[in-house]
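Listed below are the residues making up each chain.
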Amino acid sequence: MMTPNWILQRAGLTPDRVAISWGDQRWTFREMADRAMDIARKMRGNGLKEGDRVALLAAGGPDTVFLIHGGLLAGFELVLLNSRLTRAELAYQIQDSEAKVVFTDDALLDLAPDSMAVSRLLSGEEEDFQPAELWEEDRTLTIMYTSGTTGFPKGVRQTAGNHLSSAIASALNMGLQDGDVWLCAMPLFHISGFSILSRSLIYGMTVRLQTKFDAEASAEEIADGGVTRMSAVAAQLVRVLDILESRNQRASDSFQQILAGGGPVPSPYIRRAEALGIQILQTYGMTETSSQTATLSAEDALRKSGSSGKPLFFNRIRIDGAEKPGDEGEILISGPHVTPGYIGRFSDSPAQVDGWLHTGDIGRLDDEGFLYVLDRRSDLIISGGENIYPAEIEQVLAGHPSVAEVGVAGVEDKRWGQVPAAFVVARDAVPSEDLEVFCRERLAPYKVPKHYQFVSELPRNASNKLLRRELKTMLEQQE
């Protein structure tokens, strides 16, 4: 099957509608397409041809949007590199992807010294060519590397069909309205950020862009009605809520929802958000599924607290080995949004087995079909033979008024094998004994953390996901 080239199609349909706003600047879809086409000609001027694999290392902002769209118009498979990685981590991904060239923001050249600076690209020769008017749905548009929480990062292929089905399923779930403006504070090299760009082209929707997450600006946008939707993870959400509460502000009546991913949103956050007029849509997805697989509707947010909702329209979810509702096991996913495969080191590893993606996440489905993601299999704590899910403990501790953020990880213990340890970013001084009492009232004894460590911040990756493996290292360094 074929799909129209999204950039050309959107520029033809709504040329004068605002595509991107950033600070005080605005670009229409036609202006964005023209800028991207100029870049595409420069890219092709380097001897590259349609179908080549090209890597981008960019810091974010509108220039990164133009660079990405330029690469798509040029017909490349785009490897989107994480600008927060080390030189060694980037070198692995560049080598593994076999990218023919890496185009890099001038300020990031130290991270990829053998790459071509964007300034050099823009001052180079052009090749005049006509971009493809149609895209095959199985054509690889983007390649993104997993965070590597369980070993070497995998290069995940994401096709035009993957992104298209994800965007359509999201619209069927959330709805569309005239004047939608999506606040994008997520990295554009991450699926959560890129999926917003995809939706913008497919829906004809404006993106309000932040180069990096700005809690103050986000709160202001939500309060004054400048945006209608936002994507965030729990750590970003709580900062926005703190600011709105401190200013005695509520969300504008035009603001619709925050799509919250990257892990469970504690129910105290949901209650605080609702009090401010903000609907939270808890969602579950991953790089291999081109963003959302399941999303919890706002009306079910408290009734099904802790759930990621039901699968979106085209998608299916089952629990490996489950015989009845509530049985726990690995989450398996099927649908047109699932990657067809990996590249490089993992190119021979099938992404799907009998049509199902094995996620490595542990979860359960209740008797109404709602998904509960319990944790990454690699983060599971086994203490005295009992399974303990860090997210469950984090959910409890997040409800303590003195806790701003919390992460839980398993640490070695001679008696039990492993025990949970809590790492707390506190709002105000609170004795660890108070936290222990709080947990004992709400958790089984074996789930109560055996260690409490107060920290100024938690280790997170570029998309603000908690890095539990680094929590263990922090405790070991203290011993």
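Conventions adopted
Residues numbered from 1 in each chain as written. Predicted model: local features only at pLDDT ≥ 70, side-chain atom pairs only at ≥ 80, totals over all residues. Heavy atoms only, no water. UniProt positions renumbered as here; feature names shortened; annotations may be inferred. Pairing = 2+ DSSP bridges. Helix = DSSP H or I, 4+ residues; strand = E, 2+ residues; numbered from the N terminus. Contact = heavy atoms within 4.5 Å. Axes fitted to C-alpha atoms, helices over the stretch in contact; angles between N-to-C directions. Phe/Tyr/Trp six-rings, centres within 6.5 Å; stacked < 30°, edge-to-face > 60°. Buried < 20%, exposed > 50% of the residue type's maximum accessible area, 1.4 Å probe, protein only. Lys NZ or Arg CZ within 6 Å of the ring centre and 35° of its normal.

Taking an unreviewed UniProt entry as the reference, the protein is identified by name as 2-succinylbenzoate--CoA ligase belonging to Bhargavaea beijingensis. What UniProt states about the protein under its Function (unreviewed entry) heading is, verbatim, "Converts 2-succinylbenzoate (OSB) to 2-succinylbenzoyl-CoA (OSB-CoA)." UniProt, in its Catalytic activity (unreviewed entry) section for the protein, records the words "2-succinylbenzoate + ATP + CoA = 2-succinylbenzoyl-CoA + AMP + diphosphate".

K.L.:
Just checking my understanding: could you explain the sheet that holds strand β3 (residues 25–28) for this structure?
P.N.:
Across a sheet, strands are paired by hydrogen bonds formed along the backbone, either parallel or antiparallel in direction. Pairing is mixed across the open sheet formed by nine strands, whose spatial order is β3-β2-β12-β11-β13-β14-β15-β16-β17. Because the sheet does not close on itself, it has two edges, and the strands there are β3 and β17 (310–311). As defined by bridge partners, strand β14 (residues 257–261) adjoins strand β15 (residues 279–286) across four bridges and the pair is classed as parallel. The residue of β15 that forms the bridge with Ala260 is Gln282. Lying on the sheet, helix α2 (residues 29–44) is in contact with β2 (18–22) and β3; it crosses β3 at an angle near 85°. Packed onto the sheet, helix α6 (residues 160–174) meets β11 (181–184), β13 (229–233), β14, β15 and β16 (291–295) and runs at close to 35° relative to β16.

K.L.:
Sorry, what's going on with the packing of aromatic side chains here?
P.N.:
Aromatic ring pairs are described here by two measures, namely the spacing of the ring centres and the angle between the planes. Under the defined criterion, the tally for this structure stands at four aromatic pairs. Ring centres of Tyr92 and Tyr145 lie 6.4 Å apart, and the angle between their planes is 70°; on these two criteria the pair is classed as edge-to-face. Here the residue Tyr92 occupies a position in helix α4 (residues 87–97), and Tyr145 occupies one in strand β9 (residues 140–145), the gap between them amounting to 53 residues. The residues Tyr92 and Tyr145 share a single accessibility class, namely buried. The positively charged end of Arg318 is found above the aromatic ring belonging to Trp356, 4.7 Å away from the centroid. Stacked on the ring of Tyr372, the Lys or Arg Arg364 has its end atom at 4.2 Å from the ring centre.

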